[in-house]
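Chain and residue survey
Residues per chain, in single letters:
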Amino acid sequence: DQQVKQNSPSLSVQEGRISILNCDYTNSMFDYFLWYKKYPAEGPTFLISISSIKDKNEDGRFTVFLNKSAKHLSLHIVPSQPGDSAVYFCAASAGQSSSNTGKLIFGQGTTLQVKP
Amino acid sequence: EAGVTQSPTHLIKTRGQQATLRCSPISGHTSVYWYQQALGLGLQFLLWYDEGEERNRGNFPPRFSGRQFPNYSSELNVNALELEDSALYLCASSLGQTGPNQPQHFGDGTRLSIL
């Protein structure tokens, strides 16, 4: 049972345009969501997170939106740069009261290519 | 500030052997997590240690075990290695989980190959 899904394996955008990466989840106990970027031969790098009490969090070019009713989150990158080309993972965690405590459940990743 | 460091970078073992992977967390972080990324699969949670105690483990057999030392560094031990244990093993650290949600920060991993 895949609790966190990234249905688009890849995305290609033009430099300067907006990149939108999507993620869906099924477990209503998730209360904290994160986005990571991963380059080949490196570990995932934390980008941005959002608590379930918010619906938007912004950090520079990166904005994460959370729609709890739809169990959907998205990462917007504006403007996109060639250096943003990487695999992006969304992840979710639950609070202290569940068997998911402390662990991140990852999606399968979306490969973003930003073309110059 | 140094990030999460893992050693060794690569490890080659044969079936039935034992492997030990090491992780040093970011200074000030008390929680350490281990994940497995097998070829073609996503990151799967293995273990979580906080303040020297195992707090949670994923759906892995008991031959996957570990410990956390007083300086918060951690070891992952895999006994009786099997071919399907070949994977990238990632360690992450965070501030303790007793307060507000904290992001986990990852090292670059140990590539374990079983021959």
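Our subject is the structure that appears above.
How each quantity is defined
Residues numbered from 1 in each chain as written. Chains lettered and ligands numbered in written order. Predicted model: local features only at pLDDT ≥ 70, side-chain atom pairs only at ≥ 80, totals over all residues. Heavy atoms only, no water. Disulfide = S-S within 2.5 Å. Helix = DSSP H or I, 4+ residues; strand = E, 2+ residues; numbered from the N terminus. Buried < 20%, exposed > 50% of the residue type's maximum accessible area, 1.4 Å probe, protein only. Contact = heavy atoms within 4.5 Å. Patch = residues over 30% accessible without salt bridge, like charges linked within 9 Å, V, L, I, M, F, W, Y side chains within 5 Å. Areas by Shrake-Rupley, 256 points an atom, 1.4 Å probe, with all protein chains shown as cover. Salt bridge = Lys/Arg side-chain N within 4 Å of Asp/Glu carboxyl O. Pairing = 2+ DSSP bridges. Axes fitted to C-alpha atoms, helices over the stretch in contact; angles between N-to-C directions. Polar contact = N/O pair within 3.5 Å; in protein donor to acceptor, adjacent residues only side chain to side chain. Nonpolar A, V, L, I, M, F, W, Y, C, P; charged D, E, K, R; others polar. Core = buried A, V, L, I, M, F, W, Y, C linked by side-chain atoms within 4.5 Å.

Counted according to the given criterion, the structure contains two disulfides over all chains. One disulfide in the model links Cys23 of chain A with Cys90 of chain A; its S-S distance is 1.9 Å. Residues Cys23 of chain A and Cys90 of chain A are joined through a disulfide that is right-handed, its torsion about the S-S bond being 65°. Residue Cys23 of chain A is found in strand 3 (residues 19–25), and its partner Cys90 of chain A is found in strand 9 (residues 86–94); the two are separated by 67 residues along the sequence. As far as the burial class goes, Cys23 of chain A and Cys90 of chain A line up, both buried. The partner cysteine of Cys23 of chain B in its disulfide is Cys91 of chain B, sulfur to sulfur 1.8 Å.

What follows deals with the side chain of Asn56 of chain B. Within the element layout of this structure, Asn56 of chain B appears in strand 6 (residues 53–57). Filtering out sequence-adjacent residues up to four positions away, Asn56 of chain B remains in contact with Ser99, Asn100, Thr101 and Lys103 of chain A together with Phe45, Leu46, Leu47 and Trp48 of chain B.

This part takes up a nonpolar patch on the surface. All names here are of chain A. On the surface, a nonpolar cluster with roughly 220 Å² of combined accessible area is contributed by Ile18, Ile20 and Val78. Following the sequence through the fold, Ile18 ends up in the loop between strand 2 (10–14) and strand 3. The class for Ile18 is partly exposed, based on a relative accessible area of 40%.

The next thing to look at is the sheet that holds strand 3 (residues 19–24) of chain B. Residue and element names in this part refer to chain B. As summarised here, the arrangement of the four strands in space is 1-3-8-7, forming an open sheet in which the pairing is antiparallel. Strand pairing shows two members of the sheet lacking a second neighbour, strand 1 (5–7) and strand 7 (64–68), which therefore form its edges. Across the sheet, the mean angle from the axis of one strand to that of its neighbour is 20°, orientation sign disregarded. As judged from the five bridges shared by strand 3 and strand 8 (residues 74–78), these two strands associate in the antiparallel manner. Among the inter-strand pairings, Arg22 is bridged to a residue of strand 8, identified as Glu75.

All names here are of chain B. Inspection of the secondary structure puts Leu47 in strand 5 (residues 43–50). Leu47 gets classed as buried once you look at its relative accessible area, which sits at 0%. Expressed as a C-alpha distance, the spacing of Leu47 and Gly58, which sit eleven residues apart in the sequence, is 6.2 Å. Leu47 has contacts with Val32, Tyr33, Trp34, Glu54, Asn56, Arg57, Ser65, Gly66 and Leu76, leaving out every residue within four places of it along the chain.

Taken together, the 19 residues of chain A in the interface contact 20 residues of chain B. Across the chain A-chain B interface, the total number found is zero salt bridges. The tally of links between chain A and chain B comes to four residue pairs in polar contact (both at pLDDT 80 or more). Here the side of chain A that touches chain B takes five residues from strand 4 (residues 30–38) of chain A, the largest share from any one element. Looking at side-chain class alone, the side of chain A that touches chain B contains eight nonpolar, seven polar and four charged residues.

All right, on to the nonpolar core then. In this structure, Val4, Phe30, Phe33, Trp35, Leu73, Leu75 and Tyr88 of chain A are the most contacted members of the largest nonpolar core, which totals 25 residues. Listed by contribution, the elements that provide at least two residues to this core are strand 3, strand 4, strand 5 (45–51), strand 7 (62–67), strand 8 (72–77), strand 9 and strand 11 (110–115) of chain A. It is strand 9 of chain A that contributes the most residues to this core, five residues altogether. Ranked by size, the runner-up nonpolar core spans 22 residues in total, among them Phe60, Ala87, Tyr89 and Leu112 of chain B.

Here we take up the sheet that holds strand 6 (residues 56–59) of chain A. Residue and element names in this part refer to chain A. Spatially, five strands are ordered 1-3-8-7-6 in an open sheet, and the strand pairing comes out antiparallel. The open sheet has two free edges, formed respectively by strand 1 (4–5) and strand 6, since each of these has just one partner strand. Note that strand 7 and strand 8 share six bridges and pair antiparallel. Bridged to Val64 within strand 8 is Leu75.

Shape descriptors only; they carry no functional weight alone.
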